[in-house]
Every structure is written in C-alpha cells, then in structure tokens.
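# Coordinate analysis (summary)
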Amino acid sequence: MSAHASTVDPKKAELWDIHHHSHDVISTRTLGYFLYLLSDGMLFATLFAAYGVLSYQHSYFGGPTPAEFVKPWYTFGQTIALFLSVLAYGFGMNALKHKSKSGLINGMLAAFVLGVIFLVLDIHDMSHLYSMGITLASSGGMSAFMVLTQVHATHIFFGLIWILVMIAQVMTKGFTEETVGRLLTLRMFWHLQAVIWVFVYIFVYLWGYIS
C-alpha cells in the first residue's frame, strides 16, 4: 500500500450518497405503468379462467350457446378495425420521433376513428343479443361471455377518451416531457388491448362458434 495514500476519518466520511441525482422521468413512469398493465392482465386472466370453466354445455342451462349467435366474420371485422387502429397509432408515434406534430395528431385521429368503429360494432353485436332475449341472466355461460367481452370494450372506450385527451394536450402543450411520457403509456395500453382481443377472438368467438 502506498505511503502517500490518504487516510479517511470515519467520523467525517460520507457513507451514504444523499444528494439528488437527475433521472429519466419518462422511463420511471413507463415502468410504473407497465407494472399496472401486469395487474390488468391478471384481471383478464381471471375472466378468461371463469369463461373457461363456464363455457361447457351444462353451463348454458339449456339456453343459447355462442355457437348459435356468434358470427366469426363479423368479429373478424372488429379485429381488423382494432389492428388498424394500433397500426395508425404506431405511425403517429413514428411521427413523434421526427418531431412532426401534424403526423402524430393525424395518426391518433385515425386510431380514434378505427377504435370507434370497433366499439360501434361491439355495441351493435350486444344490441342484437338483447333483441334475441339473451342477457346476463340467461345462464352462467352467457354471464361469463358478456362480462369478458364488455370489460374489454370498456377498456377500449376509456382508451378512446385518453386518445382525445392526448390530442388536445399535444395541440396545446406540444412535446413536453409529460405529454411524451403519456403518449408512450397510451401506446402500451392500446397495444395491450389488441393483444387481449386476439385471445378473446380465438378462445371466445372462434372456440364458441366451433363448439
């Protein structure tokens, strides 16, 4: 050890770094929102599990089953609308990377319109079921079917409101740290809805139609 090495007084040594250091606020908030999305995924996992348990013939209590009213091509139209909405939002986020406010807003507007189309198709589908006398009270199987699909539709509804709010914030505030962070979390939320819809379409609509 060098004889010139400085000695440290333990009574005066700074053992803990108590000073504030700057950090990436956007990354921190994005991580926090990702953790929330995991809990949202657990909610849908629970609903899928309930539907799986109640999707057998005896759970419909002699009433209508999805095979009697599900139209795969109709819900495929919903699938296309939602996927195109996610794609449009992705184009908008690409415009954000190039600092194009008009490109971002146009992408979000397209995502909003396509999301509205998805929601209108869902409302029309539910209205058709009610006109046939099919409600939550029809059977346990129908309760599981409607709750799962409409919880997802509710997420889409609030996502559309969020898109409108972000369009307004981008137009008034521009590309601030807060708006960019919220746009990123909205992108995560919107992509998750498309991923969940894939499972809804396959395991609820297609499986119900085949069974």
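An unreviewed UniProt entry lists the chain under the name Cytochrome O ubiquinol oxidase, from Acidithiobacillus marinus. Under the Subcellular location (unreviewed entry) heading, UniProt states for the chain: "Cell membrane".

### Focus: the packing of helix α3 (residues 72-97) against helix α4 (residues 101-131)
Where α3 meets α4, the closest approach of the two axes is 7 Å, and the angle between their N-to-C directions is 165°. Taken together, α3 and α4 sit at an angle that is classed as roughly antiparallel. Crossing handedness for the pair α3 and α4: left-handed. Residue composition of the contact of α3 with α4, by class: 17 nonpolar, eight polar and two charged.

### Some words on a nonpolar patch on the surface
On the surface, a nonpolar cluster with roughly 600 Å² of combined accessible area is contributed by F83, V195, V198, F199, I202, F203 and W207. Considering each element in turn, the nonpolar patch owes the most residues, six residues, to helix α6 (residues 177-210). With respect to the secondary-structure elements, W207 resides in helix α6.

### Concerning the packing of α3 against α6
Where α3 meets α6, the closest approach of the two axes is 10 Å, and the angle between their N-to-C directions is 165°. What the angle tells us is that α3 and α6 run roughly antiparallel. Taken as a pair, α3 and α6 cross one another with a handedness that is left-handed. Looking at the contact of α3 with α6 residue by residue, the classes come out as 20 nonpolar, six polar and one charged.

### A closer look at the confidence of the model for the chain
Residues of the chain with pLDDT of at least 70 account for 87%, and the chain-wide mean is 86. Per-element mean pLDDT across the chain ranges from 81 in helix α2 (residues 66-69) up to 95 in α4.

### Section: the packing of aromatic side chains
Tallying each qualifying case throughout the model produces twelve aromatic pairs. Between Y33 and W162, the ring centres sit 5.7 Å apart and the planes meet at 70°, which makes this aromatic pair edge-to-face. Highlighted residues: Y33 in helix α1 (residues 25-53) and W162 in helix α5 (residues 140-173), separated in sequence by 129 residues. A relative accessible area of 17% means that Y33 is categorised as buried. Consider the rings of W197 and Y205, whose centres lie 5.7 Å apart with planes at 50°: the pair is tilted. By relative accessible area, which is 1% here, Y205 ends up buried. Taken together, the ring pairs in this structure connect F69, F118, F145, W197 and Y205 into an aromatic cluster.

### Looking at the UniProt feature "transmembrane region" (unreviewed entry) in the chain
Mapped onto this numbering, the UniProt entry gives "transmembrane region" (unreviewed entry) at residues 33-53, 73-92, 104-123, 156-176 and 188-210. For the annotated span residues 188-210, helix accounts for 100% and strand for 0% of the residues, and the straight-line distance between the end C-alpha atoms is 32 Å.

### Some points on the pattern of salt bridges
Where charged atoms from two side chains of opposite charge approach closely, those side chains can pair. Taken as a whole, this structure holds one salt bridge when the rule is applied. Here R182 and E178 are joined by a salt bridge, their closest N and O atoms 3.5 Å apart. With R182 and E178 both in helix α6, this residue pair falls four residues apart, about one helical turn.

Rules used in this analysis
Residues numbered from 1 in each chain as written. Predicted model: local features only at pLDDT ≥ 70, side-chain atom pairs only at ≥ 80, totals over all residues. Heavy atoms only, no water. UniProt positions renumbered as here; feature names shortened; annotations may be inferred. Axes fitted to C-alpha atoms, helices over the stretch in contact; angles between N-to-C directions. Helix = DSSP H or I, 4+ residues; strand = E, 2+ residues; numbered from the N terminus. Parallel < 35°, antiparallel > 145°, perpendicular 65-115°, else oblique. Left-handed = near helix turned anticlockwise from the far one by under 90°. Nonpolar A, V, L, I, M, F, W, Y, C, P; charged D, E, K, R; others polar. Patch = residues over 30% accessible without salt bridge, like charges linked within 9 Å, V, L, I, M, F, W, Y side chains within 5 Å. Areas by Shrake-Rupley, 256 points an atom, 1.4 Å probe, with all protein chains shown as cover. Salt bridge = Lys/Arg side-chain N within 4 Å of Asp/Glu carboxyl O. pLDDT = per-residue confidence, 0-100. Phe/Tyr/Trp six-rings, centres within 6.5 Å; stacked < 30°, edge-to-face > 60°. Buried < 20%, exposed > 50% of the residue type's maximum accessible area, 1.4 Å probe, protein only.

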